[in-house]
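Single-letter residue listing:
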Amino acid sequence: MSRPVKIVLALAGALVAVIVAAMILVVIFVDPNDYKDDISKAVRDKTGRELSFQGDISLSVFPWIGVTTQGVTFSNAPGFGEKPMLKLNSADVSLRLMPLLSGRVALGTVEVDGLEVNLMRNSAGKTNWDDLVAADDGGKTREPEAGKDTGGAGKDGKIDLSIGGLEVNDARVVWDDRKENVRQAVDECDITLGSIEPGSPFDFKIHVKLSSTAPDISADTNIAGRATLDLDRQLYSVKELKLSVDADGKDVPGGRASVIAAADADVNMADGNAELKNLDLDAYGAKVTGDITATGINGKDMKFKTKLNVPAFDLAKTLLALGNPIKTSDPKALTNVGLSLVGSGSTSSVNVESLQVNLDETTAKGSLYFADPDKPDIRCDLKVDKINLDRYLPPKAKSEESAKQKEESAKAEKSGDKGELIPVDMLRKLTLDADLGIEQLIAGGARLEDVVVKVVSSGGVLKVKPASLKVAGGAFASTSTVDVRGAQPVISLGAKLSGLDGSKLSKQMNGKESFSGIMGFDTDLSTRGNDMKALMANLDGKFGFKARDGYVSGFDILFLAQDAFSVLTGRSKSAESRGKTKFGEASATARISKGIARNNDLVVKSPLFRAAGNGIMNLKAMTLDYKLDAKIVGTLEGQGGRGQKDLVGLTVPLDITGPVADPSIMVNLPRFATALAEGGFGLASDVLKGVGGVVEDIGKNLTGKKSSKDGTSEKSKSPGEAVKKIEDSIKSLF
């Protein structure tokens, strides 16, 4: 070692010795408690507040420069109450002396006990620290001078800092906002940190109790783990992280919550990478496990990958705990739900490459891609093995509740007639390619199989092609388009059903056979508008159906004819309704224009009757106005159909009117009476009495003859007029 170097080292050592000696002498001969009044006066002069010391202040020098104080309070601003703004039971801060000489900052264990901070804002919007800001150079913020050393930091701005530990006990922070009538507080805070060295792990444990009036929440939180901080290399990690939260309050979902989480986390800000491993989250009876990795977190091009798993849990109980219970027709529904997925994404897209959802006895597998929320680009493919939707419907309501629900539903439908049905703006931006396949589906009791739906959307045109399924031995297929490129949506639909077994479908849906027959239909429709009223008013197209070898429940044409015959002729009723009308063949076509469906070719054939009909269905009001003429060609005598032979050859006119959902099916008595009279049947005395003089001599009227004053017969003006008079009179009678 050269002589100059030795001299420099000697001088440095001497200087250090002098400084240490001087500081020791200060500690020995200077009592900081002698200056407490001076410190309080200086604070009072600067802030107008009182700084009080209830305990002693002690100093230490070597090997630690430290200060310990006890019992310190800082008064509140005028008008904010007697409670101090800051209160401290005790604090102990120390700093190693020797590392300072080499540019290192080595703190000892920092101990803080009983810290209490009260922050307030009054109803006028003034805070209890506004005066302190104003007192600091008129509220102006000092900017550091350019090129001037900030002190304590190296040339690169980094600080070589280590901390022996941190102990915070029983700390409290209160925010009392009288302007917004909100109080939020850290009611209890305990923090324990182990020795913190750059790049070395340290243990930490934090306990915090929180309370708030808005939102109304109280929470007890505990967090612990082992952390590593390397500020120079921008590496941060937390191992064995454990978090628990117990919360309650009106704004906590369900009123009470318990959340437990564990994970390992690593962050490399220099490279922009982050990793969350061994995630285990448990809340409200549901658990989530998995891993998440991310890149580009230090820039705009952030991307992530994830693998998550939700083991089977009772979703019904979870929803109940969340305060959102769901009642289902099957009490066992939603009790076994799980999910697993593998995905990736960025700040603008999510790609679920593999998705599996388990819903009770249902397994759904598929994939999902979503990008650009402003102009959604969605692609999904979902395959379902089997699902019973009826299990998840609400339970059947009691009669009173059911009536109320129907009333509310009717009001909602009425108010929703002008509600926008199609999200036009969204569809114009949407790009969609979706495929759905369901092997078995139960809905409304109907058992559907091989359900296939493909939906594509681009440039404001959405197409569903195909939508197909099999049901009760039949096959259904349809295509539809929604075009929103113009001023109002234009909708078109083509659908076809063939080979449907009505008996089988009826038993599936109702548990009993209420209609039967092999049936099908074919339709081609178009409309425009964006509310139900407009869609129905603009509906155009065609519809046709055929059915064979079946029956329809709810009315019996032969019974209606026999009943009307008995009433009009005065004969005793000899038949009972079978509650259904059998047919061998039925067909009809209809043209639809402006929401009105017109049919002129309804044909129903049966071994007992031949029927033809025509009429309209108002799709805007969902009402019927239909005329059906059924000619009786056979009887059921020998099968309980006594007295029906008189009907053979007669044509029974039926009026079908009223709501489509519950139409009235009645024999047109005036027309039927006319037919009976034309057939030579005598009408009952009550009917004749009601008709009066108009039918004094039915036979004569029907032949177009009437008696003159001298007893001779003369021809009336028109036989049709006589029949019309009879019809009008009987109509007025009934």
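Residues numbered from 1 in each chain as written. Predicted model: local features only at pLDDT ≥ 70, side-chain atom pairs only at ≥ 80, totals over all residues. Heavy atoms only, no water.

### Examining the overall build of the protein chain
Secondary structure summary: the protein chain contains 13 helices and 34 strands in total. Counting every position in the protein chain, which comprises 734 residues, the buried fraction comes to 33%. Considering only intrachain contacts with a sequence separation of at least 6, the fraction spanning at least 24 residues in the protein chain is 50%. Summed over all atoms, the accessible surface of the protein chain reaches about 42,800 Å², with 56% contributed by carbon and sulfur. (Helix = DSSP H or I, 4+ residues; strand = E, 2+ residues; numbered from the N terminus. Buried < 20%, exposed > 50% of the residue type's maximum accessible area, 1.4 Å probe, protein only. Contact = heavy atoms within 4.5 Å. Areas by Shrake-Rupley, 256 points an atom, 1.4 Å probe, with all protein chains shown as cover.)

### Examining the confidence of the model for the protein chain
The share of residues in the protein chain with pLDDT of 70 or more is 79%, and the mean pLDDT across the chain is 84. Between residues 25–29, whose pLDDT stays under 50, and residues either more than four places distant or in other chains, the model counts three contacts. (pLDDT = per-residue confidence, 0-100.)

### Some details on the packing of aromatic side chains
The full count for this structure, using the stated rule, is three aromatic pairs. With 6.1 Å between their ring centres and 45° between their planes, Trp129 and Trp175 make a pair best called tilted. Residue Trp129 is located in the loop between strand E6 (116–121) and helix H3 (130–135), and its partner Trp175 is located in strand E7 (residues 161–177); the two are separated by 46 residues in the primary sequence. The partly exposed category is assigned to Trp129, whose relative accessible area is 30%. (Phe/Tyr/Trp six-rings, centres within 6.5 Å; stacked < 30°, edge-to-face > 60°.)

### Focus: unusual backbone geometry
Here the amide bond leading from Ala214 into Pro215 is cis, since omega sits at 0°, within 30 degrees of zero. Relative to the helices and strands, Pro215 is located in the loop between strand E9 (201–213) and strand E10 (216–230). Note the cis peptide between Lys465 and Pro466, where omega equals 0°. Locating Pro466 in the fold gives a position in strand E22 (residues 461–471). Non-glycine residue Asn181 carries a positive phi angle of around 55°. Within the fold, Asn181 resides in the loop between E7 and strand E8 (182–193). Unusually for a residue other than glycine, Ala472 sits at a positive phi of about 45°. Tracing the sequence through the fold places Ala472 in the loop between E22 and strand E23 (474–483). Look at Ala472 and you get buried, because its relative accessible area is 5%.

### A closer look at the nonpolar core
Phe609, Val667 and Phe672 are the most contacted members of the largest nonpolar core, which has 33 residues in total. At the level of elements, helix H9 (557–569), strand E27 (580–593), strand E28 (596–605), strand E29 (609–618), strand E30 (623–632), strand E31 (651–659) and helix H10 (669–678) are the ones that each hand at least two residues to this core. No other element matches H9, which puts seven residues into this core. The contact partners of Val667, leaving out residues within four places of it in the chain, are Leu560, Ala561, Ala564, Val652, Pro653, Leu654 and Phe672. (Core = buried A, V, L, I, M, F, W, Y, C linked by side-chain atoms within 4.5 Å.)

### Here we look at H9
With 13 residues, H9 extends 18 Å from end C-alpha to end C-alpha; this agrees with the ideal 18 Å at 1.5 Å per step. In terms of residue burial, H9 counts as a mostly covered element, since 10 of its 13 residues are buried. Directly after H9, the chain includes Gly570, whose backbone phi takes a positive value near 80°. (Expected span 1.5 Å × (residues − 1).)

### Section: the pattern of salt bridges
A side chain of one charge can pair with a side chain of the opposite charge when the charged atoms of the two come close. Enumeration over the complete set of coordinates arrives at 22 salt bridges. Across the salt bridge formed by Asp330 and Arg391, the nearest N and O atoms sit 2.7 Å from each other. Linking Asp330 in the loop between helix H4 (315–321) and strand E16 (337–346) with Arg391 in the loop between strand E19 (377–388) and helix H5 (399–415), this pair joins segments that are 61 residues apart in sequence. Of the charged contacts, one joins Asp435 and Lys454 as a salt bridge, the two residues approaching to 3.2 Å between their closest N and O atoms. Note that Asp435 is positioned in strand E20 (residues 431–443) and Lys454 in strand E21 (residues 446–458), a separation of 19 residues in sequence. (Salt bridge = Lys/Arg side-chain N within 4 Å of Asp/Glu carboxyl O.)

### Notes on the environment of Ile196
With respect to the secondary-structure elements, Ile196 resides in the loop between E8 and E9. Residues Ile196 and Leu107 lie 89 residues apart in sequence; the distance between their C-alpha atoms is 9.5 Å.

### Some details on a nonpolar patch on the surface
There is a patch of nonpolar side chains on the surface, built from Leu59, Val67 and Val93 and spanning about 200 Å² of accessible area. Residue class for Val93 comes out partly exposed when judged on its relative accessible area of 35%. (Patch = residues over 30% accessible without salt bridge, like charges linked within 9 Å, V, L, I, M, F, W, Y side chains within 5 Å.)

### Regarding the side chain of Ser349
By secondary structure assignment, the location of Ser349 is in strand E17 (residues 349–359). Exposure remark for Ser349: the relative accessible area of 16% places this residue in the buried category. The residues contacting Ser349, other than those within four sequence positions of it, are Phe304, Tyr369, Phe370 and Ala371.

### A word on the environment of Ser354
As for its placement among the helices and strands, Ser354 is situated in strand E17. Residue classification places Ser354 among the partly exposed positions, given a relative accessible area of 40%. Placed 12 residues apart in sequence, Ser354 and Gly366 show a C-alpha to C-alpha distance of 6.1 Å. Setting aside its immediate chain neighbours within four residues, Ser354 contacts Ser340, Leu341, Val342 and Gly366.

### Observations regarding the packing of H9 against H10
Two measures define how a pair of helices packs: the angle their axes make with one another and the distance between the axes. Relative orientation of the contacting elements H9 and H10 amounts to 70°, with a least axis distance of 10 Å. Taken together, the axis directions place H9 and H10 in an arrangement best described as roughly perpendicular. On H10, the residues touching Ala561, Ala564, Phe565, Leu568 and Thr569 of H9 are Leu669, Phe672, Ala673 and Leu676. A class-by-class count of the residues in the contact of H9 with H10 yields eight nonpolar, one polar and no charged. (Axes fitted to C-alpha atoms, helices over the stretch in contact; angles between N-to-C directions. Parallel < 35°, antiparallel > 145°, perpendicular 65-115°, else oblique. Nonpolar A, V, L, I, M, F, W, Y, C, P; charged D, E, K, R; others polar.)

### What to know about helix H7 (residues 502–510)
Regarding H7, the residues found buried are Gly502, Ser503, Leu505, Ser506 and Gln508. Capping of H7 at its N-terminal end is provided by Asp501; its side-chain oxygen lies 3.1 Å from the backbone amide nitrogen of Ser503. Just downstream of H7 lies Gly511, where phi reads positive at about 75°. (Polar contact = N/O pair within 3.5 Å; in protein donor to acceptor, adjacent residues only side chain to side chain.)

### Quick notes on the side chain of Arg391
The exposure class of Arg391 is buried, given its relative accessible area of 15%. Setting aside anything within four residues of it in sequence, one finds Arg391 in contact with Thr328, Ser329, Asp330, Lys332, Ala333, Asp360 and Glu361.

### Here's the deal with the pairing of strand E13 (residues 273–283)
Side-chain direction in a regular strand flips from residue to residue, so the side chains alternate between the two faces of the sheet. Pairing between strand E12 (residues 256–268) and E13: nine bridges, direction antiparallel. Bridge pairing in E13 links Ala262 to Asp280. In sequence, E12 turns back onto E13 through a hairpin of four residues, with Gly272 there showing a positive phi of about 80°. Here E13 runs beside strand E14 (residues 286–295); their pairing, made up of nine bridges, is antiparallel. Opposite Asp282, over in E14, you have Lys287 as the bridge partner. Connecting E13 to the antiparallel partner E14 that follows it, the hairpin turn spans two residues, and Tyr284 within it adopts a positive phi of roughly 55°. (Pairing = 2+ DSSP bridges.)

### Section: the environment of Asp433
With respect to the helices, strands and loops of the structure, Asp433 is situated in strand E20. Linking Asp433 and Val455, residues 22 residues apart in sequence, is a C-alpha distance of 5.9 Å. Beyond its immediate stretch of four places on either side in the chain, Asp433 contacts Ile378, Arg379, Cys380, Lys454, Val455 and Val456.

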